[in-house]
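So you can see what is in the structure, the chains are spelled out below.
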Amino acid sequence: MAEETSTLAERPERPLPPVRDWPAGELNATEFEPVLAELMREGPLTRIRLPYGEGWAWLATRYDDVKMITNDPRFSRREASVRQVTRLAPHFAPRPGALAWADQPDHNRLRNAVSAAYTVSAVKRLRPRAQEMLDALVDGLVADGPPADLVERVLEPFPINVVCEVMGVPAVERQKLHDWTREIISTAGGAEASEEAKKGLFGWIGEAVRERRDSESDGDSEDVLSLLGGAVRRGELGLEEAISVAGPLQIGGEAVTNNSGQMFYLLLTRPELLQRFRDDPASRPAGIEELLRHIPHRAAVGLPRIATQDVDIHGTRVSAGDAVYVSYLAANRDPDVFPDPDRIDFDRDAGAHVSFGNGPHFCTGAVFSRMQIELLIDTLLKRLPGLRLAVPADQVPFRQRTMIRGPVALPVTW
């Protein structure tokens, strides 16, 4: 990689590639986004313009480039937070102190405030409680009998309950927070609806953090809101920083619903995959990693970075001040890393996938996401041995005009 980012004077500049418009079009089920597939074929670096914001941005699609850019301090998230970069979301108003927009050393300072809630030992402690919550949902599903919507009955309420346990959200408040987070990740309601949902969510979080800041009884609690309240009380974080850290962690719970929905759709529409999981439980951990690699978990691209100095990538000058996106979806389909990348292969070593990101901004809740997906697959395959779709595959509705992709409903029988 060092050779690919060598001194600019050593290489002649290549002409700039054309700017490709990337509209927010409808996508079928779990199909790989056609525009992204075209951009991958056009080169390691292309230029894109998304529906909102201003100007154009570079897009890196190759695995090694994605890893390099997301680990390189010359590409700044903080700088992107103060500019109207071309983007997918209609509303753009990053909160001060937001973890997602922080560079080092602030990023580590903010993340360390909640790190105790996301350790492997914390996952082990929560796993029995998570299994208990999941069993209760499946008990109700079995008692009511088929057919049923797997999203409504299990795949939506289970991750909501888990993330709320981690965050420290009381049970009576969970549906309200879920309504807000679902609106925030949608692009269908427009900027006004998204802004109202953010006001509601961040306002609620602010009150919760203030209560815990002022309470001496939370000293031993390891839920996120209590950890943040303690950090504010000790002067390690400002109140607004704490609120900005907590919000995206709460919103992140929506990803498990949509990711697991895509996984079950694939298992239920490809009988050989489901049968492999049933016949060979030992294959499930590797199979889950392969499904995580394969599913298109989001639309378009995530958050941009700004180059803080000129950088040469494959003979192309990325100038200081240029906006740069990476595509983790494209990196997960790089044939140099994952041969025959469009095929789902449970015998593949897919552990190098970047579905949870890379570098300092690697997903904080990755360990909890894996735990929930493992429990969902193990429990549902055990409790519902005849699980299958209740409608033809092409009648399963998928979310459109949303940043996180997944089925709206998954009608099943057993």
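The residue numbers shown here count from 1 along each chain, following its written sequence. Reporting of local features is limited, given that this is a predicted model, to residues whose pLDDT is at least 70; pairs of side-chain atoms are given and counted only at 80 or more, and all residues count toward the totals for whole chains, interfaces and linings. No hydrogens and no water enter the side-chain calculation; it runs on all heavy atoms of the structure.

Draft legend 1. Looking closely at the overall build of the protein. Going along the chain from the N terminus, every DSSP run of H or I of four or more residues is numbered as a helix, and every run of E of two or more is numbered as a strand. The number of helices and strands found in the protein is 16 helices and 11 strands. Between the two quantities, the radius of gyration covers C-alpha atoms and the globule rule is 2.2 Å times the number of residues to the power 0.38. Over its C-alpha atoms the protein spans a radius of gyration of 22 Å, differing by no more than 12% from the 22 Å that the globule rule assigns to 414 residues. Counting only C-alpha atoms and orienting by the principal axes, one finds that the protein spans roughly 70 × 55 × 40 Å. Accessibility here uses a 1.4 Å probe with only protein chains present; expressed as a share of the type maximum, an area under 20% marks a residue as buried, one over 50% as exposed, and anything in between as partly exposed. Relative to its 414 residues, the protein shows a buried fraction of 55%.

Draft legend 2. The arrangement of the pairing of strand β9 (residues 323–326) in detail. The alternating pattern of β9 places A323 and Y325 on one face and V324 and V326 on the opposite face, and all of these are buried. The pairing of strand β3 (residues 57–60) with β9 spans three bridges and is parallel. From the neighbouring strand, A60 faces β9, where its bridge partner is V326. Here two bridges tie strand β6 (residues 305–307) to β9, and the two strands are oriented antiparallel to one another. Opposite I306, over in β9, you have A323 as the bridge partner. Any two strands are treated as partners once DSSP identifies two or more bridges connecting them.

Draft legend 3. Looking closely at helix α13 (residues 271–279). Within the span of α13, buried status applies to L273, L274 and F277. Buried residues of α13, viewed axially, fall in a sector of 95 degrees; they line one side. Facing away from the buried side of α13 by over 90 degrees, the exposed positions are P271, E272 and D279. The contact definition used throughout considers only heavy atoms, calling two residues in contact when any of these lie within 4.5 Å. On its buried face, α13 sits against α12 (253–269), α14 (284–294) and α16 (366–383). Arc, as used here, means the arc of the directions from the helix axis to the C-beta atoms.

Draft legend 4. A look at the layout of surface pockets. Considering only enclosed or pocket space, the second largest pocket measures out at about 310 Å³ in volume. In this structure, the second largest pocket is lined by 17 residues; those nearest its centre are F32, M40, R333, P341 and D342. Tallying contributions element by element places helix α1 (residues 34–42) first for the lining of the second largest pocket, with three residues. Amino acids are sorted into nonpolar (Ala, Val, Leu, Ile, Met, Phe, Trp, Tyr, Cys and Pro), charged (Asp, Glu, Lys and Arg) and polar (every other residue, Gly among them). Its residues placed into classes, the lining of the second largest pocket shows six nonpolar, three polar and eight charged. Points on a 1 Å grid, built from protein atoms alone, make a cavity when a 1.4 Å probe fits but cannot get out and make a pocket when they are open with protein on both sides within 12 Å along at least 5 of 7 lines; residues with an atom within 4 Å of a point are the lining residues. Grid points are joined across faces, edges and corners, and a volume is the space filled by probe spheres set on the points.

Draft legend 5. View of the state of the cysteines. Any cysteine sulfur atom paired with another within 2.5 Å is treated as part of a disulfide. According to the stated counting rule, one finds zero disulfides in the structure shown. A disulfide-free cysteine, C363 has its sulfur positioned 16 Å from the sulfur of C164, the nearest such atom.

Draft legend 6. Spotlight on the pattern of salt bridges. Just to be clear on terms, a salt bridge is a Lys or Arg side-chain nitrogen sitting within 4 Å of an Asp or Glu carboxyl oxygen. This model, assessed by the stated rule, comprises 34 salt bridges. Between R74 and D72 there is a salt bridge whose closest N-O contact spans 2.7 Å. The exposure class assigned to D72 is buried, which follows from its relative accessible area of 14%. Notably, a salt bridge pairs R234 with E236, separated by 2.9 Å at the nearest N-O pair. According to the relative accessible area criterion, E236 is partly exposed, its value standing at 39%. Linked by salt bridges that have partners in common, R129, E132, E165 and R174 make up one network.

Draft legend 7. Spotlight on the packing of helix α10 (residues 224–233) against helix α11 (residues 239–251). Fitted lines through C-alpha atoms give the axes, limited to the stretch in contact for helices. The angle between two N-to-C directions lies from 0 to 180 degrees. Relative orientation of the contacting elements α10 and α11 amounts to 165 degrees, with a least axis distance of 9 Å. When the axis of α10 is compared with that of α11, the two are roughly antiparallel. The chirality of how α10 crosses α11 is right-handed. Residues V224, L225, L228 and V232 of α10 touch α11, and the partners they reach there are L239, A242, V245, A246 and L249. Our angle categories are set so that under 35 degrees counts as roughly parallel, over 145 as roughly antiparallel, 65 to 115 as roughly perpendicular, and the remainder as oblique. Should the near helix be turned anticlockwise from the far one by less than a right angle, the crossing is termed left-handed; should it be turned clockwise, right-handed.

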